[in-house]
Amino acid sequence: MKENLKRDDLIAAIDETRTSFDTDNPVVPFIEGDGIGVDIWPASQKVFDSAVKKAYSDQRKIEWTEVLAGQKAFDATDEWLPNKTLELFDNYGIGIKGPLTTPVGGGIRSINVAIRQKLDLYACLRPLRWFSGIESPTKNPGDVDIALFRENTEDVYSGKELEMNSDEVRSLNAFLNSEFGWEIREDSGIGIKPISKTASERLIRAALNYAVENNKKNLAIVHKGNIMKFTEGAFRAWGYELVKSEFSDVAVAWDDCNGDPGDKILVQDVIADAFLQQILIKPQEFDVIATTNLNGDYASDALAAQIGGIGISPGGNINYENGKSVFEATHGTAPKHAGKDKANPGSLILSGEMMFRYMGWNEAADLIVKSMEKSISEGNVTYDLARGRTDATTLSSSDFAKSLTENIEGF
């Protein structure tokens with residue numbers, strides 16, 4: 001595996017990535033997605049094209065090219081994730097996708113995981129914020145404004161398992177007992193989850209760099225290192241070492257400043273279960289999160305629930321060292337709603353907003369956010385966002401997109 005880029009090299013790599021999208025007509029591969037993908041992708045594309053046209057007139061335009069994955073790919077090629085799709089994402093360095101089904105009873109374990117791992121998109125970035133007007137189960141959802149960085153290649157994503165009562169698990173159990181004195185119940189399945197210094201450092205480095213770039217005040221390393229000391233505990237330790245070795249001019253650990261960082265970014269760590277409590281009680285105290293894969297899975301969905309659900313929560317999978325990225329809807333395929341022009345395209349639209357911002361097309365990104373704020377505040381929303389509101393007009397997927405494009409054109 002290639003050695004991690006250090007801080008200065010990473011900053012240069014990010015700048016180079018943005019320069020590569022200076023072309024006025026970049027090709028962007030997209031995966032429509034399974035299930036409700038047929039509804040939310042066309043709606044989202046209309047919003048993307050409208051924002052680009054309004055921001056840049058005819059000077060810039062996205063050239064969309066469809067690539068296949070999921071059920072649509074399997075029906076056409078007998079493959080869930082064709083190599084051609086990965087090649088095009090890799091060649092163009094960027095992409096966006098709708099939700100993909102996980103095959104049942106065979107085939108690829110997870111198409112989403114495979115894309116992230118095969119392209120080494122090691123950081124899953126989930127920016128979580130509330131839009132005024134969205135109903136939330138919490139009292140002050142507006143206090144949530146958090147960028148969560150989840151490690152995307154290790155932990156359970158590259159976990160190894162052996163089945164209970166198999167010859168392999170009996171052999172491993174005997175080895176662990178003879179070599180280490182470990183006593184594991186005979187009727188156990190056994191799983192191994194790797195967490196490396198390489199993957200941990202590059203994820204935490206990306207989160208710290210994001211905090212610097214976006215003038216954030218704090219970063220929390222979320223882990224379960226009180227129990228798993230040499231994996232999750234090491235993730236915590238490697239993070240603090242990184243602060244001292246590469247970011248000491250702009251960041252400082254809690255223990256090294258007695259909680260008073262001055263004008264530097266305050267870096268602290270939080271046990272995962274305590275973190276899930278604290279984001280309910282005092283989410284305003286968190287700006288940027290760096291965490292392991294499984295913890296990030298739990299935390300990102302818990303935070304999404306606080307701001308109205310994953311239907312309005314975007315996501316991006318990014319390799320900050322080589323610049324490659326795939327942005328995505330963070331929800332499932334919801335097959336029972338497919339083809340009914342009903343589903344909320346908000347997650348995919350906001351993932352496109354993330355994509356534009358990553359490209360440096362901030363004017364288009366700003367228009368998308370502004371239009372989303374206007375439609376939601378006025379109650380022009382899809383059925384899921386209309387629940388609990390007395391002032392809402394329930395729109396179809398396509399009409400919600402139309403509301404956004406009309407806002408954009410009117411700005």
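Scroll up a little and you will see the structure.
Treat the numbers as computed from the prediction; the structure is a model and nothing was measured. (Residues numbered from 1 in each chain as written. Predicted model: local features only at pLDDT ≥ 70, side-chain atom pairs only at ≥ 80, totals over all residues. Heavy atoms only, no water.)

A. Inspection of the overall build of the protein at higher detail. Each helix and strand counted, the protein has 14 helices and 15 strands in total. Radius of gyration (C-alpha) of the protein: 22 Å, near the 22 Å computed for a compact globule of 411 residues. The dimensions of the protein, computed from C-alpha atoms along their principal axes, are 70 × 55 × 45 Å. Counting across all 411 residues of the protein, residues that qualify as buried make up 53%. Sequence-distant contacts, at least 24 apart, represent 74% of the contacts inside the protein between residues at least 6 apart. As displayed, the protein offers around 18,600 Å² of accessible surface, 48% of which is attributable to carbon and sulfur atoms. Placing the 44 positive and 63 negative side-chain charges of the protein at their respective mean positions leaves the two points 3 Å apart. (Helix = DSSP H or I, 4+ residues; strand = E, 2+ residues; numbered from the N terminus. Rg over C-alpha atoms; globule rule 2.2 N^0.38 Å. Buried < 20%, exposed > 50% of the residue type's maximum accessible area, 1.4 Å probe, protein only. Contact = heavy atoms within 4.5 Å. Areas by Shrake-Rupley, 256 points an atom, 1.4 Å probe, with all protein chains shown as cover. Lys, Arg positive; Asp, Glu negative; His and termini not counted. Charge placed at Lys NZ, Arg CZ, Asp CG, Glu CD.)

B. Examining unusual backbone geometry more closely. For Asn-215, which is not glycine, the phi dihedral falls at a positive 55°. The topology assignment puts Asn-215 in the loop between helix H7 (197-213) and strand S8 (218-223). Given a relative accessible area of 65%, Asn-215 falls into the exposed group. Phi angles above zero are rare outside glycine, and Asp-341 is one such case at about 55°.

C. Highlighting the pattern of salt bridges. Applying the stated criterion across every chain yields a total of 24 salt bridges. Across the pair Glu-353 and Arg-357 runs a salt bridge, and its minimum N-O distance is 2.7 Å. Of this pair, Glu-353 and Arg-357 both sit in helix H11 (residues 346-359), 4 residues apart, roughly one helical turn. By relative accessible area, which is 9% here, Glu-353 ends up buried. Given a relative accessible area of 31%, Arg-357 falls into the partly exposed group. Two residues, Arg-389 and Asp-391, come together in a salt bridge whose shortest N-O distance is 3.0 Å. A single network of salt bridges, built from pairs that share partners, joins Glu-32, Glu-66 and Lys-72. (Salt bridge = Lys/Arg side-chain N within 4 Å of Asp/Glu carboxyl O.)

D. Quick peek at the sheet that holds strand S10 (residues 265-271). In spatial order, the strands read S2-S1-S3-S13-S12-S4-S5-S11-S8-S10-S9; together these 11 strands make up an open sheet with mixed pairing. Strands at the two margins of the open sheet, each flanked by one partner only, are strand S2 (63-66) and strand S9 (251-253). Note: S8 against S10, 6 bridges, orientation parallel. Bridging from a neighbouring strand, Asn-218 pairs with Leu-266 of S10. Packed on one face of the sheet, helix H9 (residues 272-281) meets S8, S10 and strand S11 (288-291) and runs near 115° to S10. (Pairing = 2+ DSSP bridges. Axes fitted to C-alpha atoms, helices over the stretch in contact; angles between N-to-C directions.)

E. Spotlight on the pairing of strand S1 (residues 27-31). Judged by how many residues are buried, S1 sits mostly within the fold: 4 of 5 residues are covered. One ladder, built from 4 bridges, connects S1 with S2; its direction is parallel. By the bridge assignment for S2, Phe-30 is matched with Glu-66. You can see the chain leave S1, run along helix H2 (residues 37-56) and come back into S2, and the turn it takes is right-handed. Pairing analysis gives 2 bridges linking S1 to strand S3 (residues 96-97), with the strands arranged parallel. Paired with Ile-31 across the strands is Lys-97, a residue of S3. (Right-handed = clockwise from strand over helix to strand, strands pointing away.)

F. Focus on H2. Across its 20 residues, H2 extends 28 Å between first and last C-alpha, which sits within 8% of the 28 Å expected from 1.5 Å per residue. Among the residues of H2, those classed as buried are Gly-37, Asp-39, Ile-40, Trp-41, Ala-43, Ser-44, Val-47, Phe-48, Ser-50, Ala-51, Val-52 and Tyr-56. Taken together, the buried residues of H2 touch S1, S2, S3, H11, helix H12 (362-378) and helix H14 (397-410). (Expected span 1.5 Å × (residues − 1).)

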